[in-house]
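Chain and residue survey
Residues per chain, in single letters:
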Amino acid sequence: MAFIRVQKLVRDSNGNIISGSAAIKESRYIKDGGKFHSRQIVRERLGKVVWLSDDGKSGIFLSPKRGLVFYDSATDRFDEVGRDDARLSSSLEVFPETEVHTVFGDTYLLMRFLMKAGLMEVLKEAFPESVDLQRVLCHILHGILRNGSRITCDCFMEKSFASYILSDVPPASLRCDTTFFTMMGKDRNRLAFFKAFIKKMRNDHPEFGRCCYVDSTPLPNDIENNPFNALCSHGVEGAAIQTRMVLVLDEESGLPVWYDIIPGNVLDINTIMNMVNDVATSLDITINSLVLDAGYISKEVIHAFHNGTEKTFIGRMPARRGFPFKTLYHEFRNSLDKGKYRFVRGGHVYFGKRKEVELFGEKVFAYVYVDKHNALQRERNYMLEHPDEYAEMKDKDKDWLAVRFGYFVLLSNKKLEPSELLTEYFGRTDIEGVIKTSKEYLGLLPLSKWTVETVRGKIFSDIINTIIFLKMRKTLDDSGLSMSEIISRTQSLMCFRNKHGEILIETPNMKVKSHYQLFGEDVPASLKINDFRAKLLGGTM
């Protein structure tokens, strides 16, 4: 049975705890030679003692792992501790008041954007409890504004003006994110957020979510015992251990309207159709176009989306039995160098030709492509790195090597020119842009979580950040500026809080002023903390 072991506890004349540390211990029987002996083992260090019950069986601790937390050894249960908890001594700085210059410019700008874009109303509807909402905002600010740095959420908040506004969340509690991501991993929170987000977007754009497409992307990682990891193959290259995320994007804006994560090996028509049906029922989202990886292309998909069906699809043909992947190469190899089939896209020269084929008894269009740039470059590398193997190759194998690394086939039930379909295929992969944003700017990877709920919560948190980041970046489309530049410049604007509860802001330079004006904002000279807090958080419980 677990118990609390307290060391070096010191109290003042009023009985308040000044110092002392504690740990959770439990007795275990350990075999020593031929006998068993009881030994006390430290299960977890609780850190500084803030409050302790008279019987010593429960208390409040400033844990290095969990932040400010209540622990009861009788029930072996942890609970969060709020700012207004009567057991906290007013003399203890567990919710410290920051009395130094703090960063103002980036945080205030993002908070104002959330308010003006209606996203604060979305967040308040999805997270009606004030402390939950504030904790979500702490992680949103950190996730977007850390700008690629490794600063932790607690350190970010300690140096930010946001610590004055989101004061119900002690910065120390942000060091451990397990509780937060567990909360975010609950499916009801994800559903509540997207319902609120779609409702808000449809107020401004009634057709939002009426025309969507779906794709999936791999999330490779090295997490041991990750519940969503599985061996997965795209069907055109080697297999790898990975988790997969299935995303639904609004066709007009490219913003996510739903997502799910699945084990890497779950790639079939049921995965797609379950997603289509789920979002139609729960969110009133219509998916009418699919962009599919090679792993999804199967007999069932061909039967469901052959020529003449209402929903359209584009997918890469897998190089496996039942598909004429190599057969189409042999059929078209004499045409690969003909100028009439060449076109340029993205600085690359492509060969492209369309043919209607019959797969599993259904008619579909096969679009055969060779990316000349990639094919030539990688053929040259192979010849340089494997001269002996290349010399021994048969002529037909050398011919195949000349196109192999740029050769691919797209399947579709749409009849277009090869250049048009390829443009649509690459254009529809806005999902890759969304994922690139999350990976490069917002830290979607690595997935350093170990339970179902924390993995889900980590991805949900990053998806929210991605939506906000994409909407902010859309504002900058005509400015030629990047989000990184905006964040870096505005971080230079500092503020100071006086004893009257006011924020006094430094005079901004011209760059900061111009960056604010891009978002339709002016830099205030001062703010009253309680007034701004009420505007930002008003309406939460």
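Here the focus is the pattern of salt bridges. Inspection of the entire model under this criterion finds 25 salt bridges. The shortest N-O distance in the salt bridge between Arg190 and Asp187 comes to 2.3 Å. Highlighted residues: Arg190 and Asp187, both in helix H7 (residues 187-204), separated by 3 residues, approximately one helical turn. You can call Arg190 buried: its relative accessible area is 7%. When its relative accessible area of 43% is taken as the criterion, Asp187 is described as partly exposed. Put simply, Lys200 and Asp204 hold a salt bridge, and the shortest N to O gap is 2.4 Å. With Lys200 and Asp204 both in helix H7 and 4 residues apart, this pair spans about one turn of that helix.

Bringing the environment of Thr423 into the picture now. Residue position: Thr423 is located in helix H14 (residues 418-428). Judged by relative accessible area, Thr423 falls into the partly exposed class, the value being 41%. Each C-alpha atom of the pair Thr423 and Gly346 lies 9.5 Å from the other, and the pair is 77 residues apart in sequence.

Within the chain, Lys8 stands out as a residue other than glycine whose phi angle is a positive 55°. Positionally, Lys8 belongs in strand S1 (residues 2-11). Take Lys8: its relative accessible area is 78%, and that puts it in the exposed class. Even without being glycine, Asp284 reaches a positive phi, approximately 55°. Mapped onto the elements of the fold, Asp284 is located in the loop between helix H8 (269-283) and strand S12 (287-292).

Our next topic: the packing of helix H3 (residues 130-145) against helix H19 (residues 529-537). Where H3 contacts H19, the axes come no closer than 12 Å and their chain directions differ by 95°. Taken together, the axes of H3 and H19 lie roughly perpendicular to each other. Counting all contacts with H3, which are made through Leu133, Gln134 and Leu137, the residues of H19 involved are Arg533, Leu536 and Leu537.

Another point: a positive patch on the surface. A cluster of like positive charges, contributed by Lys326, Arg333, Arg378, Lys394, Lys396 and Arg404, occupies part of the molecular surface. With respect to the helices, strands and loops of the structure, Lys396 is situated in helix H13 (residues 395-404). By relative accessible area, Lys396 is classed as exposed at 53%.

Another point: the nonpolar core. Core analysis: the biggest nonpolar cluster contains 119 residues, and Phe161 and Leu166 have the highest contact counts within it. Sort the elements by how many residues they give to this core and helix H16 (residues 452-475) lands first, with 10 residues. Leaving out residues up to four positions away in the same chain, Leu166 has contacts with Met111, Gln134, Leu137, Cys138, Leu141, Met157, Arg533, Leu536 and Leu537. Formed by 15 residues, the second largest nonpolar core is a distinct cluster that contains Leu249, Ile314, Phe365 and Leu416.

Turning our eyes to something else, we now look at the sheet that holds strand S18 (residues 494-497). With respect to topology, 4 strands assemble into an open sheet ordered S7-S18-S19-S20, the strand pairing being antiparallel. Each edge of the open sheet carries a strand with a single partner, namely strand S7 (102-103) and strand S20 (526-528). Bridge count for strand S19 (residues 502-505) against S20 is 3 bridges, and the pairing is antiparallel. Residue pairing in the sheet places Ile503 in a bridge with Leu527 of S20. Here H19 sits on the sheet and contacts S18, S19 and S20; the angle it forms with S20, its principal contact strand, is near 70°.

This part covers the environment of Leu52. Relative to the elements of secondary structure, Leu52 occurs in strand S3 (residues 35-52). Relative accessible area serves as the criterion here: at 13%, Leu52 is assigned to the buried category. Separated by 19 residues in the primary sequence, Leu52 and Tyr71 have C-alpha atoms spaced 9.8 Å apart. Those residues in contact with Leu52, other than ones at most four positions away along the chain, are Val6, Leu9, Arg11, Ile17, Ser58, Gly59 and Phe61.

Conventions and cut-offs
Residues numbered from 1 in each chain as written. Predicted model: local features only at pLDDT ≥ 70, side-chain atom pairs only at ≥ 80, totals over all residues. Heavy atoms only, no water. Salt bridge = Lys/Arg side-chain N within 4 Å of Asp/Glu carboxyl O. Helix = DSSP H or I, 4+ residues; strand = E, 2+ residues; numbered from the N terminus. Buried < 20%, exposed > 50% of the residue type's maximum accessible area, 1.4 Å probe, protein only. Axes fitted to C-alpha atoms, helices over the stretch in contact; angles between N-to-C directions. Parallel < 35°, antiparallel > 145°, perpendicular 65-115°, else oblique. Contact = heavy atoms within 4.5 Å. Patch = residues over 30% accessible without salt bridge, like charges linked within 9 Å, V, L, I, M, F, W, Y side chains within 5 Å. Areas by Shrake-Rupley, 256 points an atom, 1.4 Å probe, with all protein chains shown as cover. Lys, Arg positive; Asp, Glu negative; His and termini not counted. Charge placed at Lys NZ, Arg CZ, Asp CG, Glu CD. Core = buried A, V, L, I, M, F, W, Y, C linked by side-chain atoms within 4.5 Å. Pairing = 2+ DSSP bridges.

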